[in-house]
Amino acid sequence: MAEAIESGIGAPVRRKEDMRFITGEGRYTDDFSQRGQVYAAFLRSPYARARLDSVDASEALAMEGVLAVLTGQDMAADGFGDLPCGWTVKQKDGSDMVTAAHPPLAHSIVNYAGEPYGLVVASSVAVARRAAERVITEFTELDAVVNPALAMDSEDIHAGVVGNLCYDWELGDASATDAALAAAAHVTRLDLTNNRLIPNAMEPRAALGIYDPGTGEHTLYTTSQNPHLERLVLSAFVKVAPEHKLRVIAPDVGGGFGSKIFVYPEETAVIWAARKLRRPVKWTAERGESFLADAHGRDHVTHAQLGLDEQGRFVALKVQTTANLGAYLSLFGSSVPTYLYGTLLAGQYKTPNIHVEVHGVYTNTAPVDAYRGAGRPEATYVVERIVEIAARELGMDPVELRRRNMIQPADFPYQTPVALVYDTGDYEASLDKALQLIDYAGFPARRAAAAVAGKRRGIGLSCYIEACGLAPSKLAISLGAGVGLYESGEVRVNPTGSVTVFTGTHSHGQGHETTFAQVVAARLGVDIDDVELVHGDTGRVEFGLGTYGSRSLSVGGSAIVGALEKVIAKGRRIAAHMLETDVENIDFEEGQFRLRDSNRALSFGEVAFAAYVPADYPEDLEPGLSEKAFYDPENFTYPAGTHIAEVEVDVETGVVALVNLVAVDDFGILINPLIVHGQVHGGLAQGAGQALLEQAVYDEYGQLQTGSLMDYCIPRADDLPDFLVDTTVTPCTHNPLGAKGCGEAGAIGSPAAIMNALTDALGVNDISMPATSEKIWRALSG
Amino acid sequence: MYQFRYHKPATLEEAVDCYQSAEDGIYLAGGQTLLPTMKQRLAAPSDVIDLSAIDRLTGIEVTSDEVRVGAFTRHDEVARHEGIRRRLPVLAFLAAQIGDGQVRNRGTIGGSVANSDPAADYPAAVIGLGATINTNARQIAADDYFQDLFETALEPGEIITRIDFPVPSRAAYRKFPNPASRYAVVGVLVADFDGRIRVGITGAGPCAFRGTALEVALQGNLNSAAIEGVEVPDVGFNNDLHASAEYRAHLVKVMARRAIADLVG
Ligand SMILES: Cc1cc2nc3c(=O)[nH]c(=O)nc-3n(C[C@H](O)[C@H](O)[C@H](O)COP(=O)(O)OP(=O)(O)OC[C@H]3O[C@@H](n4cnc5c(N)ncnc54)[C@H](O)[C@@H]3O)c2cc1C
């Protein structure tokens, strides 16, 4: 039993999957190959906006090894549908958002540089790429709309989308908010941009399409965070193949950060080409294609106003945001700047009046969708930056101002003015711990010491809240979601007592194989190594909605708990029969079915064996020990916490060093703190990247200027301090694990903390992210 | 990458012959610039001529007044070389700032100087120390070597064999790295040859150049106060995503000041 306890709930178990990853034994999409396999290279638009006049493939087709050149015209002729958007946002006036048709392969107009309009299939990657260059395409270049802030005053890029406006959306009470602002003793105003980011998963996107002409079965290996959703979309909307003839396998996936949630043109085209050519077709993106054609993140322009009364209590928050959706709506692109953003604007505070208005606009840039945090980093950035500035304007300690406005433990459940009901939390507990960890009281001395060395030191907080485990299905669907938000879990006990667990979530770096095994091992009292997790294959896992929004444990884990309870219930019936008693007298704990008040017991393994070799077995019970459950959460979970950053600025060069970064988060019950801390570290790194280094830049013609890692700066180890990470715990009140989700918090909370620290150091209200040394130098010399 | 013919000559003469008979030949040294360019299909040479087997391009010689570095010497070797660290520590220090470990293990001094990337580090040393570029055909003085963006005095097919660096009394290099690529946004090398000052600047312009105004101000007056009043005009400076010309001009002065501070303590 010692083993089980060491790997029990809360134990920092090392990740089971890591040995395979670090020894190169992981199997990613590109590692799978088939006999007779051929390779695709995509034809991509060199222009941000152009009419596609003609495609002349004759020269390419004449090349040795070229099997086909397929275009968007061909795909449309084969009856393929458009790529759908999975969330229909309702506008202020009650009408649906205006959706621009998004063909998987463009056939008449291209709308961003890098948009695919065809593919070459050839016997090798090299031949395919060379042939792609020999395809002669005539375009008529059109003026591109690039800047989201100007999009509504620019030429319409999609027929029928007036002013490039996809939606004009609002949430909250506009007139009450305006009235409260007008009556406020003080109003703080802030203009912010939330910089556009490029996800950069370590593994680029890839797809391998296989068609079996005998059975009519299609198999698609692809880099997906949610293979069942991929299958659903491809079959129901794009009409690639009926769902029962389509198997989607997402094997090991090397990171996603949201960018692999979506259904992309490339995998759609690959499975189509495989059927058309009756050859397995593979495509693996080059890094440059990832930059151009993965969905980007963030990209908001915001004006915010915070009203306060004489005592520094928030009376109203009004937020106006223009969100760049890119050229087309990606699968969840519409929901990110609305339901995942506007709903979070209460933050940790009791602001009574909040109104948010979002203009979602189309531009000639790559589609924008969820990227680690998805809407919640943008919301946190607005709230935590403006609160900080308000404190400065009022001459108040920013900690004190936050405390004065925080929702208190006694206030839960707390209904915000922006739709959410927070179930639980203790925000000051995290705040206090973070202040202690960073030695807030000692900051003035550190600042003085830095000044002696010619450096400007600043400190900044961010008290964030987020919403994970998007839920419940019924509510989300009523708000426009096209899918449910539950999860499935299956626990298959093998005759020898080992356990195979199936989940509809997908691990692409999150360590599910360990965390979920811990949950199962702890509940069944079996060894963690006797539990195997299966995920990422629609042919093996019943159904699921994948991994995004930090939902896997709180939703997917809860489904597994549901299945575990059914397994135990059945086990108790079997044990009762074998111990010749009634089921009420059987307790299950630590892997033993015990007859209460006796020393008679059966091990979990003995009962499992009996279920499959039913010699001594209840008459009215089916053999076997395998159970499934679906879990639909009744509410979101609300991770929250305080991040505090300390920076030092070299005044001569403007170089900023992030010298301290503390994160104290409340993720509810932790199953594996080692994995949780790892997730936080990664998130903090991405948050620091957003604040200080990362920026997708398009020029005025819509050409991506930051198309490689030589120009797009993602943080490296030497850009980051040693993080100080800790947690507080208020268990989630409505799921059986008490868990809230930890995958995104690092990226949600930290940018505001870093920018508050930096602006504190410089004595300015804002510098746009990323705060490059030149911007800082200009602020210092201005 | 496109198809090409690969050659690995054993002598300089063979290499040059090979180049001359190729339709569109190119020399390959460490490949840290050339191979990424080929992989991105921005270069499509017909023949790639690998210089790695040519003995004459290797070897480091340290004398009392000169450090001679064979063109095929990897950055990492320069960074770690005992003799260089003793006689010309600034060169070892500069080499250690280039790229990352992988790049330093492959990239060569000859490749860097032949390529003349505006943001490369070695050119600051070539200019700042007044090095001599030896080729298979001749010797080229540093001041005559760098001509424009990726343009040098090398004739087509000419091969750098060795670079000779005079040893100054003292010298220091300061680099302001691009946070993404880690190349130099600006790099300044200040060298003192018994009171004669040379300043080599990289990153700021289309190619490395001498900071003559800074040199004049520092002549006989090697301290950071001496350059306070010197204007660094940003005319012709690089102006890109990563830094404006104005910021680069500012950084030239800051890096120069810091290099001087390294020298005079
Ligand atoms: C990620 C990354 C980061 C980098 N960071 C830096 C940095 O911080 N600072 C910096 O200075 N550089 C940096 N570099 C460039 C690196 O230093 C290269 O090694 C160098 O620029 C070229 O040297 P090479 O030996 O790799 O030459 P190659 O790539 O093989 O060749 C480059 C060019 O020089 C020509 N050539 C090579 N040798 C000779 C010769 N002997 N005679 C004539 N022509 C020749 C080739 O034909 C080719 O045109 C970086 C490179 C990478 C990939």
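Residues numbered from 1 in each chain as written. Chains lettered and ligands numbered in written order. Predicted model: local features only at pLDDT ≥ 70, side-chain atom pairs only at ≥ 80, totals over all residues. Heavy atoms only, no water.

J.: Which residues make up the pattern of salt bridges, and what values go with them?
T.: Tallied over the entire structure, the rule returns 67 salt bridges over all chains. Glu357(A) is paired through a salt bridge with Lys92(A); the nearest N and O atoms lie 2.4 Å apart. Of this pair, Glu357(A) sits in strand S15 (residues 353–362) while Lys92(A) is found in the loop between helix H4 (72–77) and strand S4 (109–110), placing the two residues 265 residues apart along the sequence. With a closest N to O distance of 3.3 Å, Asp719(A) and Arg182(B) form a salt bridge. Remark: Arg182(B) occurs in the loop between strand S11 (170–177) and strand S12 (184–193) and Asp719(A) occurs in the loop between helix H19 (673–693) and strand S28 (724–728); the pair is interchain, linking two chains. On the basis of relative accessible area, Arg182(B) is assigned to the buried category, the value being 17%. (Salt bridge = Lys/Arg side-chain N within 4 Å of Asp/Glu carboxyl O. Helix = DSSP H or I, 4+ residues; strand = E, 2+ residues; numbered from the N terminus. Buried < 20%, exposed > 50% of the residue type's maximum accessible area, 1.4 Å probe, protein only.)

J.: I'd like a rundown of the domain arrangement of chain A, residues and numbers included.
T.: All names here are of chain A. Annotation of chain A at the domain level lists domain 1 (36–142 + 200–293), domain 2 (300–470 + 635–781) and domain 3 (486–631). Here the C-alpha centroids of domain 2 and domain 3 sit 39 Å apart. Each partner contributes to the interface: domain 2 provides 18 residues, whereas domain 3 provides 17 residues. Counting each side, the surface lost to burial between domain 2 and domain 3 is near 1300 Å², with a carbon and sulfur contribution of 62%. Looking only at domain 2, the three residues that lose the most surface to domain 3 are Ile-671, Ile-675 and Leu-737, adding up to 36% of its buried area. Applying the counting criterion to the domain 2 and domain 3 interface returns zero salt bridges. Taken together, the residues of the side of domain 2 that touches domain 3 break down into seven nonpolar, eight polar and three charged. (Domains from an automatic or database assignment. Contact = heavy atoms within 4.5 Å. Buried area = accessible area lost by both parts, 1.4 Å probe. Nonpolar A, V, L, I, M, F, W, Y, C, P; charged D, E, K, R; others polar.)

J.: Run through the packing of helix H11 (residues 376–394) of chain A against helix H20 (residues 745–762) of chain A, naming residues and quoting values.
T.: All names here are of chain A. The geometry of H11 relative to H20 is characterised by a closest axis approach of 8 Å and an angle of 30° between their N-to-C directions. Judged by the angle between their axes, H11 and H20 are roughly parallel. As H11 packs across H20, the resulting crossing turns out to be right-handed. Residues Arg-376, Pro-377, Thr-380, Tyr-381, Glu-384, Arg-385, Glu-388 and Arg-392 of H11 touch H20, and the partners they reach there are Ala-747, Ile-748, Gly-749, Pro-751, Ala-752, Met-755, Asn-756, Thr-759 and Asp-760. Across the contact of H11 with H20, the residue classes tally to seven nonpolar, four polar and six charged. (Axes fitted to C-alpha atoms, helices over the stretch in contact; angles between N-to-C directions. Parallel < 35°, antiparallel > 145°, perpendicular 65-115°, else oblique. Left-handed = near helix turned anticlockwise from the far one by under 90°.)

J.: Explain the pairing of strand S2 (residues 25–28) of chain B to me, and be specific about the residues and the numbers.
T.: As a general feature of sheets, a regular strand has side chains that alternate between the two faces. Here S2(B) pairs with strand S3 (residues 47–50) of chain B via four bridges, running parallel. Looking at S3(B), one finds that Leu28(B) is bridged to Asp50(B). (Pairing = 2+ DSSP bridges.)

J.: Break down the nonpolar core for me, citing the residues and quoting the values.
T.: Grouped together as the largest cluster of nonpolar side chains are 157 residues, with contacts concentrated most on Leu119(A), Leu345(A), Tyr422(A), Ile754(A) and Leu758(A). When sequence neighbours within four positions are dropped, the list of residues in contact with Leu119(A) reads Ala40(A), Ala41(A), Phe42(A), Leu43(A), Ala68(A), Val69(A), Leu70(A), Leu105(A), Ala269(A), Trp272(A) and Ala273(A). Grouped together as the second largest cluster of nonpolar side chains are 53 residues, Ile49(B), Phe72(B), Tyr122(B) and Phe165(B) included. (Core = buried A, V, L, I, M, F, W, Y, C linked by side-chain atoms within 4.5 Å.)

J.: Account for a nonpolar patch on the surface, with residues named and values stated.
T.: The grouping of Met1(B), Phe4(B), Tyr6(B) and Leu35(B) at the surface amounts to a nonpolar patch, some 330 Å² of accessible area in total. Judged by its relative accessible area of 31%, Leu35(B) is partly exposed. (Patch = residues over 30% accessible without salt bridge, like charges linked within 9 Å, V, L, I, M, F, W, Y side chains within 5 Å. Areas by Shrake-Rupley, 256 points an atom, 1.4 Å probe, with all protein chains shown as cover.)

J.: Go over the packing of helix H16 (residues 512–524) of chain A against helix H17 (residues 552–578) of chain A, please, and point to the residues and values.
T.: All names here are of chain A. Two numbers describe how H16 lies on H17: the axes approach to 10 Å, and their chain directions differ by 30°. Considering their axes alone, H16 and H17 lie roughly parallel with respect to each other. Classified by chirality, the crossing of H17 by H16 is right-handed. Across the interface between the two elements, His-512, Thr-515, Phe-516, Val-519, Val-520, Arg-523 and Leu-524 from H16 touch Ser-552, Leu-553, Gly-557, Ile-560, Val-561, Leu-564, Glu-565, Val-567 and Ile-568 from H17. Here the contact of H16 with H17 is composed, by residue class, of ten nonpolar, four polar and two charged.

J.: Before we move on, could you go through the domain arrangement of chain B and cite the residues and values that matter?
T.: Residue and element names in this part refer to chain B. Examined at the domain level, chain B breaks down into domain 1 (5–50) and domain 2 (58–264). Each of domain 1 and domain 2 has a C-alpha centre, and these two points are 26 Å apart. Taken together, the contacts link ten residues of domain 1 with 15 residues of domain 2. The junction of domain 1 with domain 2 conceals about 910 Å² of combined surface from both sides, 67% of it contributed by carbon and sulfur atoms. Among the residues domain 1 hides against domain 2, the three largest losses belong to Leu-12, Ala-29 and Gln-32. Together they make up 45% of the total. For the pair domain 1 and domain 2, the number of links is zero salt bridges. Our enumeration of links across domain 1 and domain 2 arrives at one residue pair in polar contact (both at pLDDT 80 or more). Listing elements by their share of the side of domain 1 that touches domain 2, those giving two or more residues are helix H1 (12–21) and S2. In terms of residue count, the dominant contributor to the side of domain 1 that touches domain 2 is H1 (four residues). (Polar contact = N/O pair within 3.5 Å; in protein donor to acceptor, adjacent residues only side chain to side chain.)

J.: How would you summarise the site of the ligand if you had to cite specific residues and measurements?
T.: All names here are of chain B. The immediate surroundings of the ligand are formed by 30 residues, with Tyr-27, Gly-31, Gln-32, Thr-108 and Asp-121 found nearest. With respect to the ligand, the backbone of Gln-32 contributes an N or O atom lying 2.7 Å from an oxygen atom. Side-chain polar atom of His-75 to an oxygen atom of the ligand: 2.8 Å apart, as the coordinates give it. Within the complex, the protein chains bury 91% of what would otherwise be the 960 Å² of accessible surface of the ligand. Contributions of two or more residues to the shell around the ligand are made by S2 and helix H7 (109–115). In terms of residues, the shell around the ligand owes the most to one element, H7, which gives four residues. Looking at the shell around the ligand residue by residue, the class counts come to 14 nonpolar, twelve polar and four charged. Residue contributions to the shell around the ligand reach at least three from each of two domains, namely domain 1 (5–50) and domain 2 (58–264). (Near = heavy atom within 4 Å.)

J.: Could you give me a rundown of the sheet that holds strand S6 (residues 136–141) of chain A, with the residues and numbers involved?
T.: The three strands lie next to each other as S4-S2-S6 (chain A), forming an open sheet whose pairing is antiparallel. Each having just a single partner strand, S4 and S6 of chain A make up the two edges of the open sheet.

J.: Residue-level account of the pairing of strand S12 (residues 281–284) of chain A, with values.
T.: All names here are of chain A. Pairing geometry for strand S1 (residues 38–44) and S12, over two bridges, is parallel. Residue pairing for S12: Val-38 is matched across the bridge by Val-281. Where strand S9 (residues 206–212) lies against S12, four bridges are found, and the strand directions are antiparallel. Across the sheet, residue Ala-206 finds its bridge partner in S12, namely Thr-284.

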